[in-house]
Amino acid sequence: MNEDNAEETVNERTELLGNKDILTKIGGFGRYQLKELLILSPLIVGNGISTLLFVFVLYVPNFRCAIPGWKNDTFQIHSAVQSQDVEHYIPKDNPHCMVYKWNNSEESVLEKPFEEVPCRSWVYDESSVPGTAATEMDLVCSREVFQSLVNMLFMGGIFVGSLFFGVISDWKGRRVSLYLSLVLWILSSLPLYFVNDIKLLAVLRFLIGFSGNGIFMNSFILAIEIVSSPYRSLVGLISQILFSVGEIIICGIAFLERDWHMLCLLSAVIYIPCLIYWFFVNESPRWLTSQGKFEEAQNLYRKIAKTNKIEFPEDDANLEAPIISNTKKGSLVDLFKSRILFWRSLIIFFNWGVINMVYYGLLFSSGDLTSNLYLSSFLSGLAEIPAYIILLFTLDRLGRKPLYCTSTILSGIACIVSGFAHVWGKDLPWISTTLALVGKFAISSSFAIIFNLTTELFPTVVRNSALGLSSSVGRVGSMLAPYIMLSGNHIPSKFGPSLPFIMFGVVSVIAGFLSLLLPETRGQNLPETIKDGELMGRTGTNNTKGY
């Protein structure tokens with residue numbers, strides 16, 4: 001077979017195996033697809049709740065060192081004696097971590113203290129937040145690093161989970177992978193109610209990240225693989241909106257329930273009713289097709305057609321059978337054997353890392369946007385929804401690449417200017433707050449688009465594994481985000497607290513320009529084979545240039 005005939009066969013296989021015509025004829029987004037999306041919605045909402053949960057659990061309100069010798073010291077001053085002892089023992093320039101050490105002689109009380117030493121106990125302002133894991137475990141001063149450690153381990157869990165559940169999903173199916181991650185998430189979340197040790201808290205948070213990403217990733221894939229090309233971006237954006245709804249819901253729950261143990265329990269029980277999903281969620285017909293399970297895929301397509309009240313096109317299915325049986329399965333190794341897919345993968349990986357770093361960096365700092373923890377977190381979650389709504393009307397009209405590039409660069413510029421405004425506009429804090437929300441708005445757009453772009457760029461035979469690997473590489477950026485935010489508190493410069501935002505901005509701008517090297521995927525068939533993936537952006541159906 002010559003090269004032209006080979007390419008023609010690949011294109012024919014792509015058209016038939018891609019099921020574009022079949023899905024269009026049986027309903028590209030009908031009652032069946034809507035029902036499946038509704039069933040999967042609680043899982044995606046729950047993932048948003050789980051992600052933002054620890055903004056409240058690890059929140060540290062205003063605090064100071066406890067007065068040495070006082071057993072019932074409080075942050076609020078209630079007596080003249082307490083006020084006097086605060087003056088004597090608590091340094092004004094460092095009230096959070098140091099206390100004055102006094103001599104035992106009576107004269108020393110009237111003299112300046114000769115030494116400052118680290119304090120061993122603290123009192124917290126519980127006027128708005130009665131208690132968090134951070135205050136109960138004293139995760140401040142020298143133990144402040146444990147806050148970043150817990151958040152890093154959560155992202156580390158997502159990193160490992162992306163790889164693990166990505167492989168399981170392509171090996172055993174989306175449905176098996178989803179249910180396995182769901183059961184593990186519930187078993188990891190319920191014990192949070194009883195935790196009083198930072199080590200156990202960190203381990204459980206790792207397992208929650210590990211399983212939670214499997215839930216979102218498989219829910220996303222299951223939803224997007226049953227719709228035709230014109231509706232892929234719609235379903236992807238609805239998934240992102242549902243995630244943001246989860247972030248907003250947890251703000252309301254946290255506002256009503258201030259005890260962090262009970263808050264964790266409430267967030268865990270949300271998923272328990274979803275255990276019945278094994279009997280309701282169907283496997284992806286695209287996965288069945290890619291595995292050569294044509295009969296099962298055909299039965300599922302008939303079910304879709306019946307639910308959508310459309311007659312099943314038997315002729316199209318019969319033409320598909322011999323081609324599917326000869327379809328070659330792929331692996332992640334194939335991505336690195338192809339020069340085209342190799343360079344595309346590197347660009348995608350870098351962008352995933354940057355998007356995750358900036359998104360989660362802004363998310364972890366969302367509680368500091370205003371003086372009110374709950375309002376700040378609510379505004380941060382709310383800023384995402386307009387971004388997704390705008391994309392609903394523009395993504396299929398303007399394309400993935402121009403919107404992704406624009407939103408990523410906009411986020412970078414907003415973060416850079418916000419960093420400088422934090423230093424030079426201290427008297428106008430609303431400026432830096434507004435710019436930070438603009439950055440969250442823009443980076444949320446980028447996050448939504450890169451999910452669609454990655455899903456549409458890689459072939460079905462490696463799609464979920466490639467999405468899992470991309471997400472895993474991205475989590476390296478999100479694992480760095482807590483430490484980048486923490487580093488701002490330890491840089492001896494007036495720009496110290498602003499440097500994380502400036503760093504986020506610079507890498508965002510670089511990522512935005514690199515994305516111009518990727519092909520446009522708007523309106524194209526999902527590639528099924530490795531060869532199809534190589535042809536993306538290089539055929540007559542797509543005139544964009546890129547790797």
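Conventions adopted
Residues numbered from 1 in each chain as written. Predicted model: local features only at pLDDT ≥ 70, side-chain atom pairs only at ≥ 80, totals over all residues. Heavy atoms only, no water. UniProt positions renumbered as here; feature names shortened; annotations may be inferred. Helix = DSSP H or I, 4+ residues; strand = E, 2+ residues; numbered from the N terminus. Buried < 20%, exposed > 50% of the residue type's maximum accessible area, 1.4 Å probe, protein only. Contact = heavy atoms within 4.5 Å. Areas by Shrake-Rupley, 256 points an atom, 1.4 Å probe, with all protein chains shown as cover. Patch = residues over 30% accessible without salt bridge, like charges linked within 9 Å, V, L, I, M, F, W, Y side chains within 5 Å. Salt bridge = Lys/Arg side-chain N within 4 Å of Asp/Glu carboxyl O. Phe/Tyr/Trp six-rings, centres within 6.5 Å; stacked < 30°, edge-to-face > 60°. Lys NZ or Arg CZ within 6 Å of the ring centre and 35° of its normal. Core = buried A, V, L, I, M, F, W, Y, C linked by side-chain atoms within 4.5 Å. Domains from an automatic or database assignment. Disulfide = S-S within 2.5 Å. pLDDT = per-residue confidence, 0-100. Axes fitted to C-alpha atoms, helices over the stretch in contact; angles between N-to-C directions. Left-handed = near helix turned anticlockwise from the far one by under 90°. Nonpolar A, V, L, I, M, F, W, Y, C, P; charged D, E, K, R; others polar. Parallel < 35°, antiparallel > 145°, perpendicular 65-115°, else oblique. Expected span 1.5 Å × (residues − 1). Polar contact = N/O pair within 3.5 Å; in protein donor to acceptor, adjacent residues only side chain to side chain.

Where an unreviewed UniProt entry is consulted, the protein chain appears under the name Organic cation transporter protein isoform X1, with the organism given as Octopus sinensis. If you open the UniProt record of the protein chain and go to Subcellular location (unreviewed entry), you find "Membrane".

S.K.: Any chance you could break down the overall build of the protein chain for me, citing the residues and the numbers?
M.R.: Counting secondary structure elements, the protein chain contains 22 helices and 4 strands. Residues counted as buried form 57% of the 547 residues belonging to the protein chain. Long-range contacts, defined here as pairs at least 24 residues apart, represent 79% of the contacts in the protein chain between residues at least 6 apart. If you sum the accessible surface of the protein chain, you get close to 23,200 Å²; carbon and sulfur atoms cover 63% of it.

S.K.: Can you tell me about a nonpolar patch on the surface, naming the residues and giving the values?
M.R.: The grouping of V176, I276, W278, F279 and F280 at the surface amounts to a nonpolar patch, some 510 Å² of accessible area in total. Mapped onto the secondary structure, F280 falls in the loop between α10 (260-269) and α11 (285-290).

S.K.: An account of the pattern of salt bridges is requested, with residue identities and associated values reported.
M.R.: Pairing between side chains of opposite charge can happen when their charged atoms approach one another. Taken as a whole and assessed by the stated rule, the structure comprises 8 salt bridges. When the shortest N-O distance is used, the salt bridge between K35 and E36 registers 3.1 Å. Put simply, D170, R174 and E225 are held in one network by salt bridges that share partners.

S.K.: Tell me about the packing of aromatic side chains, and name the residues and values.
M.R.: For any pair of aromatic rings, geometry is given as the distance between the ring centres together with the angle between the planes. Applying the stated rule across the entire model yields 18 aromatic pairs. Ring geometry for F164 and F210: centres 5.5 Å apart, planes at 35°, overall tilted. Linking F164 in helix α6 (residues 145-172) with F210 in helix α8 (residues 198-224), this pair joins segments that are 46 residues apart in sequence. Their ring planes at 80° and their centres at 4.4 Å tell us that W185 and Y271 sit as a pair that is edge-to-face. With W185 in helix α7 (residues 174-189) and Y271 in the loop between α10 and α11, the pair connects residues that are 86 residues apart, well separated along the chain. Since its relative accessible area comes to 2%, W185 is described here as buried. Taken together, the ring pairs in this structure connect W352, Y359, Y360, F364 and F447 into an aromatic cluster. Sitting above the plane of the W171 ring, K172 keeps its charged end 4.5 Å from the centroid. Above the ring of F54, the side-chain terminus of R205 is found at 4.0 Å from the ring centroid.

S.K.: Lay out the nonpolar core in plain terms, naming residues and giving numbers.
M.R.: Residues L43, F56 and L201 are the most contacted members of the largest nonpolar core, which totals 124 residues. Residues lining this core come from more than one domain, with at least three contributed by each of domain 1 (22-57 + 142-309) and domain 3 (329-536). Apart from residues lying up to four places away in sequence, F56 is in contact with T132, I250, C251, A254, L263, L373, Y374 and S377. If you look at the next biggest cluster of nonpolar residues, it comprises 11 residues, including F63, I90, W122 and Y124.

S.K.: Run through the state of the cysteines, naming residues and quoting values.
M.R.: For the structure on display, the rule yields 2 disulfides. In this model, C65 is linked to C119 through a disulfide, with the two sulfur atoms separated by 2.1 Å. Judged by the torsion about the S-S bond (-60°), the C65/C119 disulfide is left-handed. A residue pair is termed long-range when its members are at least 10 positions apart, and C65 in strand β1 (residues 63-65) and C119 in the loop between β3 (115-118) and β4 (122-124) qualify at 54 residues. Under the relative-accessibility criterion, C119 is labelled buried at 10%. Along the protein chain, the cysteines that take part in disulfide bonds pair up as 1-3, 2-4, counted in sequence order.

S.K.: Describe the confidence of the model for the protein chain, listing the residues and the values that go with them.
M.R.: Confidence along the protein chain averages 82 in pLDDT terms, with 86% of residues attaining 70 or more. Ignoring residues within four places in sequence, the model shows residues 1-19, a span with pLDDT below 50, making 35 contacts including any to other chains. Across residues 541-546, where pLDDT falls below 50, the model places 16 contacts with residues more than four positions away in sequence or in other chains.

S.K.: So what's going on with the packing of α8 against helix α19 (residues 429-457)? Which residues, and what values?
M.R.: It is the contact of α8 with α19, at a shortest axis distance of 12 Å, that shows an interaxial angle of 65°. As α8 packs across α19, the resulting crossing turns out to be right-handed. Contact residues: α8 offers F216, F220, I221 and I224, while α19 offers F451, N452 and T455. Residue composition of the contact of α8 with α19, by class: 5 nonpolar, 2 polar and no charged.

S.K.: For the environment of A133, give the residues involved together with the corresponding values.
M.R.: With respect to the secondary-structure elements, A133 resides in helix α5 (residues 133-136). Contacts of A133, omitting those with residues within four sequence positions, involve V57, L139, L201 and W260.

S.K.: Explain the packing of helix α9 (residues 232-256) against helix α16 (residues 373-382) to me, using residue names and the numbers behind them.
M.R.: Put simply, α9 and α16 touch, their axes get as near as 8 Å, and they point 165° apart. The pairing of α9 with α16 is recorded here as roughly antiparallel in orientation. Crossing hand, α9 versus α16: left-handed. Of the residues in α16, those touching α9 at S244, E247, I248, C251, A254 and F255 are Y374, S377, F378, G381 and L382.

S.K.: How would you sum up α8? Please name residues and give values.
M.R.: With 27 residues, α8 ought to run about 39 Å at 1.5 Å a step, and its terminal C-alpha atoms sit 39 Å apart, in line with that. The buried fraction of α8 is high, at 22 of 27 residues. Of the residues flanking the start of α8, the one acting as N-cap is D197, its side-chain oxygen 3.1 Å from the backbone nitrogen of K199.

S.K.: An account of unusual backbone geometry is requested, with residue identities and associated values reported.
M.R.: Notably, D138 is not glycine yet its phi reads approximately 50°, a positive angle. Looking at the secondary structure, you find D138 in the loop between α5 and α6. Here D138 falls in the partly exposed class, since its relative accessible area comes to 21%. With phi around 55°, C141 is a residue other than glycine that occupies positive phi space. Mapped onto the secondary structure, C141 falls in the loop between α5 and α6.

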